[in-house]
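Analysis of the macromolecular model
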Amino acid sequence: MNILILGSGGREHALAWAVMQNPKCDKLIVAPGNAGIAMIADCATLDIEDGGSVVTFAEENSIDFVIVGPEAPLAAGVADRLRDAGLLVFGPSAAAAKLEASKSFTKEICDAANAPTAAYGHFTDAESAKAYVQSQGAPIVVKADGLAAGKGVIIAETVAEAETAIDDMFSGAFGGAGAEVVIEEFMQGEEASFFVLVNGTDVLPMGTAQDHKRVGEGDTGLNTGGMGAYSPAPVLTDAIAQKALDEIIKPTMAEMAKRGTPYQGILYAGLMIENGQPRLVEYNVRFGDPECQVLMMRLGAQAFDLMHACADDRLPEARVNWADDHAMTVVLAAQGYPGAYDKGSVIGGLDALTEDSFQMMFHAGTSEKDGQITATGGRVLNATARGATLQEARDRAYAQAQAVDWPQGFYRRDIGWRAL
Ligand code: AMP
Ligand code: GLY
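Values in this document were obtained by computation on a predicted structure and should not be read as measured data.

A word on the overall build of the protein chain. Counting its regular elements, the protein chain contains twelve helices and 23 strands. The C-alpha radius of gyration of the protein chain comes to 21 Å, within 12% of the 22 Å expected for a compact globule of 420 residues. Projected onto its principal axes, the C-alpha positions of the protein chain cover 60 × 50 × 40 Å. Across the 420 residues of the protein chain, 56% fall into the buried class. Restricting the contact set of the protein chain to residue pairs at least 6 apart, pairs at least 24 apart contribute 70%. Entry remark: accessible area of the protein chain is about 16300 Å², with carbon and sulfur atoms responsible for 47%. Looking at charge distribution, the protein chain has the averaged site of its 31 positive side-chain charges lying 2 Å from that of its 56 negative ones.

Okay, here's the thing in structure tokens:
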């Protein structure tokens, strides 16, 4: 098969790495890709949020199957355009991608499906939002309704902080994403990510992971896209995962199907777990980044079969062949991230790394020029490894991170501390 993956991050490098190991893959193109992906697949320049361009590109390149990595093309309806053109796609319609693109929509679906989640209010003006905050007290969570690249969530410790966040959102600090605001009860507990393949009302758990969203060691400092992750997530025991499926995922997916907007693709449920009870924090309509890297490291080539079965209406016959192993990824980011950072610094030491089915350096924001790899983003590399134990995976991942010669980069030294 000729396969096209859309995206350019560590997530897409990991997806490409898994897909190209599968014997069904004859040709792999990733658009736009990055320097690491270019070492294992063809990369193409393409506006991946423009459905018309993606359809034309897929037709011109005789693509049989498209895997959409990030949320923006999904929210823009790229999967719809591809399906309209008769192409096989892994990823939800724009209508189903609202589960990530609108927080108030997801809350409403949870209400209709009776799925456990935080109590909330939904507001279109600052005054009533503030009145709600005053009635609820702090801590409380203020969220921009729309897509805000992971930055639209403020955990307010005081009522005053919440009021400032409300003013910021309604005055356009998050652009159109903040025109509507969701205010939520602050949930206590431990967070974990549950990845489930969904095709309408068919569901198949693909794996669990935990990530570290804060930039600093001990989970302190600013929120980022994720500084590292590990799989499986010990807090998501089989019993809790089953509860999440039965009480949250299946009922909400049934509600989506009932409304005529069935979901297809990977569903990423961010869960808060307290006293054995999972509650939904959020849905994402794509793999997490960097959670995808640890899932792909563990699944390898079968990840392709699973995604293909999901897109091809064969999910009930698919099985995940789980190895009893653990994986970890450590993100190497440019100094300054998640704030301002420089681009263009040269990264050395990559050629000498051992890369095999136990350890891979997945690239995110990299490009290649005159034979040198340079940093072009905030999150730049993902040192990823697996092992029989989490400690073994950790040792391998950190040995890889340490071997990189990049003075302008940094990484957290404590990924997995909770589980270890
Ligand atoms: P989100 O973009 O909705 O995932 O929010 C980002 C992060 O904020 C989550 O991963 C949680 O750590 C935290 N968060 C969001 N909503 C809540 C909540 N209601 N209670 C506690 N923490 C939350
Ligand atoms: N690592 C969090 C996310 O992909 O949303």
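So that's the structure; there's more coming.
Attention shifts here to helix 5 (residues 94-101). All of the buried residues along helix 5 are Ala96, Ala97, Leu99 and Glu100. Seen from one end, helix 5 has its buried residues packed into an arc of 115 degrees, which puts them on one side. Against the buried residues of helix 5 lie helix 3 (71-75), helix 6 (103-113), helix 9 (238-258), strand 15 (264-274) and strand 16 (277-284).

With that settled, the discussion passes to the site of ligand 1. Near ligand 1 lie 15 residues; those nearest to it are Glu184, Glu185, Met187, Glu191 and Glu282. Within the contact set of ligand 1, a nitrogen atom lies 2.9 Å away from a backbone nitrogen or oxygen of Glu185. In the environment of ligand 1, an oxygen atom lies 2.5 Å from a nitrogen or oxygen atom belonging to the side chain of Glu282. Protein burial of ligand 1: of its 470 Å² of free accessible surface, 91% is covered by the chains. Counting only elements with at least two residues in the shell around ligand 1, the list comes to strand 7 (140-144), strand 8 (153-156), strand 9 (181-185) and strand 16.

The next subject is the site of ligand 2. Close to ligand 2 lie Asp211, Gly225, Tyr268, Asn284, Arg286, Gly288, Asp289, Pro290 and Glu291. The separation between a nitrogen atom of ligand 2 and a polar side-chain atom of Asp211 is 2.9 Å. Glu291 places a polar side-chain atom, nitrogen or oxygen, 2.9 Å from a nitrogen atom of ligand 2. In isolation ligand 2 offers 190 Å² of accessible surface; the protein chains occlude 88% of this area. Counted by class, the shell around ligand 2 contains two nonpolar, three polar and four charged residues.

What tends to happen in soluble globular proteins is that the nonpolar side chains get buried as a cluster. One finds Leu6, Leu99, Phe194 and Ile249 to be the most contacted residues of the largest nonpolar core, which totals 50 residues. No other element matches the eight residues that helix 9 contributes to this core. In terms of nonpolar packing, the next biggest core, distinct from the first, is built from 45 residues, Met297, Ala303, Leu315 and Ala327 among them.

Taking strand neighbours across the sheet as the criterion, the four strands line up as 6-9-7-8 in an open arrangement whose pairing is antiparallel. Each edge of the sheet is formed by a strand with only one pairing partner; in this case those strands are strand 6 (120-123) and strand 8. The average undirected angle you get between the axes of adjacent strands in this sheet is 20 degrees. In this sheet, strand 9 lies alongside strand 6 in antiparallel orientation, the contact comprising four bridges. Residue pairing in the sheet places Tyr120 in a bridge with Glu184 of strand 9. Running at roughly 5 degrees to strand 7, helix 8 (residues 159-170) makes contact with strand 6, strand 7, strand 8 and strand 9 of the sheet.

With that out of the way, let us pick up the pattern of salt bridges. Counting across every chain of the model gives 25 salt bridges. Between Glu100 and Arg286 there is a salt bridge, with its nearest N and O atoms 3.2 Å apart. You can see Glu100 sitting in helix 5 and its partner Arg286 sitting in the loop between strand 16 and helix 10 (291-299), a full 186 residues away along the chain. Overall, Glu100 belongs to the buried group, its relative accessible area being 9%. You can call Arg286 buried: its relative accessible area is 12%. Measuring nitrogen to oxygen at the nearest pair gives 3.0 Å for the salt bridge that ties Arg314 to Asp312. The class for Arg314 is partly exposed, based on a relative accessible area of 26%. Look at the salt bridges and you will find they share partners, linking Glu190, Asp219, Arg412, Asp414 and Arg418 into a network.

On to the packing of helix 1 (residues 10-20) against helix 10. Helix 10 packs onto helix 1 with a crossing angle of 15 degrees between their chain directions and a minimal axis gap of 8 Å. With respect to helix 10, the axis of helix 1 lies roughly parallel. As helix 1 packs across helix 10, the resulting crossing turns out to be left-handed. Listed contacts from helix 10 to Gly10, Arg11, Ala14, Leu15, Trp17 and Ala18 of helix 1 are Cys292, Gln293, Met296 and Met297. A per-class count over the contact of helix 1 with helix 10 returns seven nonpolar, two polar and one charged.

A few words on the sheet that holds strand 21 (residues 372-375). Spatial strand order, 18-21-20: three strands in an open sheet with antiparallel pairing. Edge strands, defined here as strands with exactly one partner in the open sheet, are strand 18 (346-347) and strand 20 (366-369). In the sheet, strand 20 pairs with strand 21 via four bridges, with the strands oriented antiparallel. Paired with Lys369 across the bridge in strand 21 is Gln372.

Conventions used here
- Every chain is numbered on its own, with residues counted from 1 as its sequence reads.
- As a convention, the first chain written is A and the first ligand written is 1, with the rest following in written order.
- Thresholds applied to this predicted model are a pLDDT of at least 70 for local features of residues and 80 or more for the giving and counting of side-chain atom pairs; totals over whole chains, interfaces and linings are not thresholded and use all residues.
- Where side-chain values are given, they derive from all heavy atoms of the structure, hydrogens and water being excluded.
- Runs of E in the DSSP output that reach at least two residues are strands. Runs of H or I that reach at least four are helices, and both are numbered from the N terminus.
- Just to be clear, the radius of gyration here is over C-alpha atoms, and the globule rule we use is 2.2 Å times residues to the power 0.38.
- Each residue is placed in one exposure class: buried if its accessible area under a 1.4 Å probe, protein chains only, is under 20% of its type's maximum, exposed if it is over 50%, and partly exposed if it falls in between.
- By definition in these notes, contact holds between two residues if any of their heavy atoms fall within 4.5 Å.
- Shrake-Rupley sampling with a 1.4 Å probe provides the accessible areas, and residues are treated as covered by the protein chains on show and by no other component.
- For the purpose of charge, His is not counted, nor are the chain termini; Lys and Arg are scored as positive and Asp and Glu as negative.
- A charged residue contributes its charge at one atom only: NZ of Lys, CZ of Arg, CG of Asp or CD of Glu.
- Arc definition: directions from the helix axis to the C-beta atoms.
- The rule for a residue being near a molecule or strand is that one of its heavy atoms must lie within 4 Å of it.
- Whenever a nitrogen or oxygen atom comes within 3.5 Å of another N or O atom, the pair is scored as a polar contact, on the condition that within protein one atom can donate a hydrogen and the other can accept it, and that pairs from neighbouring residues in sequence are kept only if both atoms are in side chains.
- Following the grouping adopted for this structure description, the nonpolar residues are Ala, Val, Leu, Ile, Met, Phe, Trp, Tyr, Cys and Pro, the charged ones are Asp, Glu, Lys and Arg, and the polar ones are all others, Gly among them.
- Side-chain atoms within 4.5 Å are what join buried Ala, Val, Leu, Ile, Met, Phe, Trp, Tyr and Cys residues into a set we call a nonpolar core.
- When DSSP finds at least two bridges between two strands, those strands are taken to pair.
- As a rule, the C-alpha atoms of each element are fitted with a line to give its axis, helices using only the stretch in contact, and angles between N-to-C directions run from 0 to 180 degrees.
- A pair is scored as a salt bridge if a Lys or Arg side-chain nitrogen falls within 4 Å of a carboxyl oxygen belonging to Asp or Glu.
- Geometric relationships in this document are graded by angle, where less than 35 degrees denotes roughly parallel, more than 145 denotes roughly antiparallel, 65 to 115 denotes roughly perpendicular, and other angles denote oblique.
- Take the far helix as the reference: if the near one is turned anticlockwise from it by less than a right angle, the crossing is left-handed, and if turned clockwise, right-handed.

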